[in-house]
Amino acid sequence: MPKLLLVEDEVSIAEALSITLEAEGFQVAWVKDGADAVPTWERVRPDLVILDLMLPGVSGTEICRTLRNRSDVPIIMLTARDAEVDRVVGLELGADDYVTKPFSTRELVARVKAILRRAPLGAAFADESPVEAAGVRLDRARHEVRVDGDLVDLPPKEFELLAYLLEHAGRVLTRGQLIDEVWGSDYVGDTKTLDVHVRRLRTRVEEDPKDPRRIQTVRGVGYRFTDT
Ligand code: CA
């Protein structure tokens, strides 16, 4: 039975949706407060998330960004009427689809089914499997990094930066891409913040941080984690 996480503070909408979705054979976990969304997602591991943008606690955009950094779980955003900006932001943040309020429950159910047909069940957590390149292994599920077999402790942003680099090993990643993926709108300051994190990361994953082999600088563009 496919599991859905519904994040919606309006009780009447949430109840109507839950009843319809359950009648359609889905198992629905419902949270009202934005702050409960990510913890519930971790516990329930839903096949799809229906996410309202305007929430108490943590905003829908923030939740979307967090989920996207950690998983490919399909996300359908619920946005206010004519909120063009919300819609664009939602899609830029990696939501798969959006539905504008007021919407028909039937339409939303159709979208849920369409997305689940494209994304096989369980695929949402496929990227939780460990990634490895050039002797560096990162395991998201255990929140563990090993360099040549030795455990290395990383602060959260460096962990996320390394994860993104490893998941795209061999590819050149632009500075903008890295900043968007790792920091999103939390990013403050100029692009030096990124360089500082790369420098710190190198002290932990390079044999000689002054002559980096794993995290390579691509001059004028960004960085690449070597895949050889
Ligand atoms: Ca709301």
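Please refer to the structure placed before this passage.
Description of the structure in this document. Since this is a predicted model, take the numbers as computed values, not measurements. (Residues numbered from 1 in each chain as written. Predicted model: local features only at pLDDT ≥ 70, side-chain atom pairs only at ≥ 80, totals over all residues. Heavy atoms only, no water.)

Things to note about the sheet that holds strand β12 (residues 222-225)
Point 1. Read across the open sheet, the three strands follow the order β10-β12-β11; overall the sheet is antiparallel. In this open sheet, the two edge strands, each paired with only one partner strand, are β10 (173-174) and β11 (215-218).
Point 2. Judged from the two bridges that link them, β10 and β12 form a sheet pairing that is antiparallel. By the bridge assignment, L173 is partnered in β12 with Y223. (Pairing = 2+ DSSP bridges. Helix = DSSP H or I, 4+ residues; strand = E, 2+ residues; numbered from the N terminus.)

Here's the deal with the coordination of the calcium ion
Point 1. The protein atoms that coordinate the calcium ion are D9 (OD), D52 (OD) and M54 (O), at distances of 2.1 to 2.3 Å.
Point 2. Each donor residue of the calcium ion belongs to the same chain, with the gaps between them written as D-x42-D-x1-M.
Point 3. By relative accessible area, which is 59% here, M54 ends up exposed. (Donors = N, O, S within 2.8 Å, 3.2 Å for Na, K, Ca; no water. Buried < 20%, exposed > 50% of the residue type's maximum accessible area, 1.4 Å probe, protein only.)

What about the side chain of R214?
Point 1. Tracing the backbone through its elements, the reader meets R214 in the loop between α8 (192-205) and β11.
Point 2. A polar contact of 3.1 Å, which involves the side chain of R214, links it to the side chain of D148.
Point 3. Those residues in contact with R214, other than ones at most four positions away along the chain, are A134, G135, V136, V147, D148, V205, E206, R224, F225 and T226. (Polar contact = N/O pair within 3.5 Å; in protein donor to acceptor, adjacent residues only side chain to side chain. Contact = heavy atoms within 4.5 Å.)

Things to note about helix α7 (residues 175-182)
Point 1. Within the span of α7, buried status applies to L178, I179 and V182. Each buried residue of α7 lies within a common arc of 95 degrees when the element is viewed along its axis, so the set occupies one face.
Point 2. Elements in contact with the buried residues of α7: α3 (60-70), α6 (156-167), β10, α8 and β12.
Point 3. Once α7 finishes, G184 follows within two positions and takes phi at roughly 60 degrees, a positive value. (Arc of directions from axis to C-beta.)

Notes on the side chain of D52
Point 1. Structurally, D52 is set in strand β3 (residues 48-52).
Point 2. When its relative accessible area of 3% is taken as the criterion, D52 is described as buried.
Point 3. There is a polar contact of 3.2 Å between the side chain of D52 and the side chain of K101.
Point 4. Residues within four places of D52 in sequence aside, it is in contact with V7, E8, D9, E10, G60, L78 and K101.

So, the packing of α6 against α8
The relative placement of two packed helices comes down to the angle between their axes together with the axis-to-axis distance.
Point 1. Orientation of α6 relative to α8, taken along the N-to-C sense of each, is 80 degrees, at an axis distance of 10 Å. Relative to α8, the element α6 lies roughly perpendicular. Residues K157, E158, L161, L162 and L165 of α6 form the contact with α8, whose participating residues are L194, H197, V198, R200, L201, R204 and V205. (Axes fitted to C-alpha atoms, helices over the stretch in contact; angles between N-to-C directions. Parallel < 35°, antiparallel > 145°, perpendicular 65-115°, else oblique.)

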